[in-house]
Amino acid sequence: MKKLITLLFLMAISIACKQEVKTEKVVIEEESVVRQAIPDRSKDFPTDITAIFKAHGGIKTFDQMNTLIFEIAKEEGNEKHTTDLKSRHARIETDKFALGFDGKEAWLVQEDSTSFKGNPRFYHNLMFYFYAMPFVLGDDGISYTKTEDLTVGDVTYPGYKITYADGVGDSSKDNYFIYYDATSFKMKYLGYTVTFFSKEISEKISLIEYAAWETVNGLVLPKTLKWMEYKDGKVGDVKSERNFVNASVSEEKKDAALYSKPVAQ
């Protein structure tokens with residue numbers, strides 16, 4: 001009888017172990033399927049645009065990410081930006097104000113009327129768009145056209161003009177001009193127009209130099225942006241500069257409540 005009980009006990013342990021191993025294997029396989037479900041969109045773009053994405057870590061790597069965080073360094077206190085890369089919901093925080101976009105409403109909470117003087121709808125994704133270059137140029141509804149090269153000193157940078165289909169975003173009449181290093185394919189300059197307020201096509205082009213980069217979780221993202229004097233295709237002196245710190249990009253998805261307007265106490 002003791003031998004029979006022992007045999008049954010060993011059989012029960014063996015079955016339990018096999019079931020546990022089998023369950024673990026299924027979980028691992030399911031996780032693998034989820035990770036492989038993200039398509040590689042590299043062939044959806046012009047060859048040069050794909051090469052630019054690749055030089056910055058690859059569009060597929062970017063597509064795997066869900067949350068982007070960065071801070072703009074300021075003497076009066078940093079400005080923290082958090083963006084959901086799939087929904088483009090956003091939250092911007094400082095010591096004196098917070099603003100965001102929850103998918104429907106752009107909201108603002110501030111200490112007083114002087115804390116933030118801009119337009120929350122315009123500003124909630126403005127710096128994100130500059131910071132997340134070149135990957136935001138992989139959004140739907142974009143067309144790419146070769147444009148004239150940009151010459152700065154003795155260096156010539158090839159470029160593409162970026163336009164949007166009608167109704168894409170809040171400013172579908174905006175144009176962007178991306179210029180890149182012909183050897184490394186890293187982005188170097190960005191020209192852009194602003195039509196948010198006028199809703200009319202603009203011929204005035206502003207120019208940003210992407211002066212320094214850093215690698216964050218496999219993606220090459222800006223460290224320093226310089227707004228340049230620019231007129232008639234000629235690049236002048238630096239007008240202003242933004243430096244970015246404490247950047248992170250991850251597959252973690254933040255709770256939707258983060259992007260909602262705080263409830264008044």
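Please refer to the structure higher up on the page.
This one's a predicted model, so the numbers in the text were calculated from it and none came from an experiment.

Notes on the packing of aromatic side chains
Item 1. Considering all chains together, one arrives at 16 aromatic pairs under this definition.
Item 2. Ring geometry for phenylalanine 45 against tyrosine 144: centres 6.1 Å apart, planes inclined by 90°, an arrangement best described as edge-to-face. Taken together, the positions of phenylalanine 45 in the loop between α1 (2–36) and α2 (47–55) and tyrosine 144 in strand β6 (residues 142–152) put the pair 99 residues apart, joining distant regions of the chain. There is no split in this pair, since phenylalanine 45 and tyrosine 144 are both buried.
Item 3. Aromatic pair phenylalanine 70 and phenylalanine 244: ring centres 5.6 Å apart, planes at 80°, arrangement edge-to-face. With phenylalanine 70 in strand β1 (residues 67–72) and phenylalanine 244 in strand β12 (residues 234–250), this residue pair connects regions lying 174 residues apart in the sequence. Both residues of the pair, phenylalanine 70 and phenylalanine 244, belong to the buried class.
Item 4. Through successive ring pairs, a cluster of aromatic residues spans Phe45, Phe53, Phe62, Phe135 and Tyr144.
Item 5. The lysine or arginine in question, arginine 242, covers the ring of tryptophan 227, its NZ or CZ lying 5.9 Å from the ring centre.

Remarks on the side chain of threonine 224
Item 1. Relative to the helices and strands, threonine 224 resides in strand β11 (residues 219–231).
Item 2. When its relative accessible area of 10% is taken as the criterion, threonine 224 is described as buried.
Item 3. Not counting the four nearest positions on each side in its chain, threonine 224 is found in contact with Glu209, Tyr210, Ala211, Ala212, Glu241, Arg242, Asn243 and Phe244.

Observations regarding the environment of tyrosine 179
Item 1. Within the secondary structure, tyrosine 179 sits in strand β8 (residues 176–180).
Item 2. For tyrosine 179, the contacting residues outside a window of four places in its chain are Thr147, Glu148, Asp149, Leu150, Tyr157, Pro158, Gly159, Met187, Lys188 and Tyr189.

Let's talk about the nonpolar core
Item 1. Counting residues in each nonpolar core, the largest one holds 48 residues, and the members touching the most others are Leu68, Met127, Phe130, Met133, Ile162, Tyr176 and Tyr210.
Item 2. Not counting the four nearest positions on each side in its chain, tyrosine 210 is found in contact with Phe130, Met133, Met187, Lys188, Leu190, Pro222, Thr224 and Leu225.

Considerations on the sheet that holds strand β9 (residues 187–192)
In sheet architecture, strand pairing relies on hydrogen bonds along the backbone and comes in two forms, parallel and antiparallel.
Item 1. Strand order in the open sheet formed by 12 strands is β5-β4-β3-β2-β1-β12-β11-β10-β9-β8-β7-β6, and the pairing between neighbours is antiparallel. Looking at which strands have only one partner, the edges of the open sheet turn out to be β5 (106–110) and β6. The average angle at which neighbouring strand axes cross in this sheet is 20°, direction not considered.
Item 2. The sheet contact formed by β8 and β9 spans 5 bridges and is antiparallel. Counterpart to tyrosine 176 in the pairing with β9 is tyrosine 192.
Item 3. Seen against the sheet, α2 touches β6, β7 (155–164), β8 and β11 and runs at an angle of roughly 65° to β8.

Structural notes on the environment of lysine 231
Item 1. Note on placement: lysine 231 falls in strand β11.
Item 2. With a relative accessible area of 62%, lysine 231 lands in the exposed category.
Item 3. Taking the C-alpha atoms as reference points, lysine 231 and lysine 204, separated by 27 residues in sequence, lie 8.7 Å from one another.

Some thoughts on the pattern of salt bridges
Item 1. Tallying each qualifying case throughout the model produces 9 salt bridges.
Item 2. Glutamate 79 is the salt-bridge partner of lysine 74, the closest N and O atoms lying 3.0 Å from each other.
Item 3. On the accessibility criterion, glutamate 79 (3% relative accessible area) is buried.
Item 4. When the shortest N-O distance is used, the salt bridge between arginine 88 and aspartate 139 registers 2.9 Å.

Cut-offs used in this document
Residues numbered from 1 in each chain as written. Predicted model: local features only at pLDDT ≥ 70, side-chain atom pairs only at ≥ 80, totals over all residues. Heavy atoms only, no water. Phe/Tyr/Trp six-rings, centres within 6.5 Å; stacked < 30°, edge-to-face > 60°. Helix = DSSP H or I, 4+ residues; strand = E, 2+ residues; numbered from the N terminus. Buried < 20%, exposed > 50% of the residue type's maximum accessible area, 1.4 Å probe, protein only. Lys NZ or Arg CZ within 6 Å of the ring centre and 35° of its normal. Contact = heavy atoms within 4.5 Å. Core = buried A, V, L, I, M, F, W, Y, C linked by side-chain atoms within 4.5 Å. Pairing = 2+ DSSP bridges. Axes fitted to C-alpha atoms, helices over the stretch in contact; angles between N-to-C directions. Salt bridge = Lys/Arg side-chain N within 4 Å of Asp/Glu carboxyl O.

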